[in-house]
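# Report on the structure
Each chain, written out:
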Amino acid sequence: ISAIVPSTGRVAGGTMVQVYGSNYLPSEPVACKFGATVTAGTVAGTNLVTCRTPAVRGGGRVALELSQNGVDFSTGGTAFLYRDLEINEFYPGEGPISGGTQVQIRGSGFLNLLSLRCRFDMTVVIATWVSEQEIWCTSPPGVEAEVDLEVSNNNIDFTTQGNKFNYQVNTT
């Protein structure tokens, strides 16, 4: 295994992970082992396997290994991090439809990764990591409405807390 994308996901599992490497046999089944839990994977090409993460208790790092015979697994311990994140509060809770509002988000589980994101309704923006308890995001342009504001460490699995950001018509 040379790389995995993403390298983090929810404790509840369900994250689709792309596992890059070499010499995968498309004609053979593949098993993905996250820690001690084995799941079925899919060979997408000689250099790519996809695996869906199983659920775990409590989170933390586990080794991801592959096998095409169900017995002999790769070695090297490529790490996958199970981490849930949560928004506890954010400020301000509103901004103009033109966007550009700097929103401070406090919570838990934020990772300092290039894939850290905020999503305003369906628009995803890059988040700025401050600490495991704080990030900042700039609201994108929107329409006058109350929209969901959610966050993700991996740009795939977003929170589903139903936090609301209110877009308002610009006033002068």
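These remarks concern the structure in this document. Only a predicted model underlies this, so the values are computations on that prediction, with no experimental measurement involved.

Let's shift gears to the nonpolar core. By size, the foremost hydrophobic cluster in this structure holds 18 residues, and its most contacted members are Ile105, Cys118, Phe120 and Ile135. Among the elements of the structure, strand E9 (86-91), strand E11 (102-108), strand E12 (117-120), strand E13 (123-131), strand E14 (134-138), strand E15 (145-152) and strand E16 (164-168) are those that each provide at least two residues to this core. For this core, the leading source of residues is E15, giving 3 residues. Among residues more than four places away in sequence, those in contact with Phe120 are Val103, Val125, Cys137, Thr138, Ser139, Pro140, Val147, Asp148, Leu149, Phe165 and Tyr167. Listed in part, the 15 residues of the second largest apolar core include Val43, Val49, Cys51 and Tyr82.

This part covers the packing of aromatic side chains. Centre-to-centre distance and the angle between the planes together describe a pair of aromatic rings. Scanning all chains against the criterion turns up 4 aromatic pairs. Summarising the aromatic geometry, the rings of Phe34 and Phe80 are spaced 5.7 Å apart at their centres and angled 85° between planes, so their arrangement reads as edge-to-face. Linking Phe34 in strand E4 (residues 30-34) with Phe80 in strand E8 (residues 78-82), this pair joins segments that are 46 residues apart in sequence. Taking the relative accessible area as the measure of exposure, Phe80 reaches 0% and is therefore buried. Ring centres of Phe120 and Phe165 lie 5.2 Å apart, and the angle between their planes is 85°; this geometry places the pair in the edge-to-face category. Of the two residues, Phe120 sits in strand E12 while Phe165 sits in strand E16, which places them 45 residues apart along the sequence.

What counts as what
Residues numbered from 1 in each chain as written. Predicted model: local features only at pLDDT ≥ 70, side-chain atom pairs only at ≥ 80, totals over all residues. Heavy atoms only, no water. Core = buried A, V, L, I, M, F, W, Y, C linked by side-chain atoms within 4.5 Å. Buried < 20%, exposed > 50% of the residue type's maximum accessible area, 1.4 Å probe, protein only. Helix = DSSP H or I, 4+ residues; strand = E, 2+ residues; numbered from the N terminus. Contact = heavy atoms within 4.5 Å. Phe/Tyr/Trp six-rings, centres within 6.5 Å; stacked < 30°, edge-to-face > 60°.

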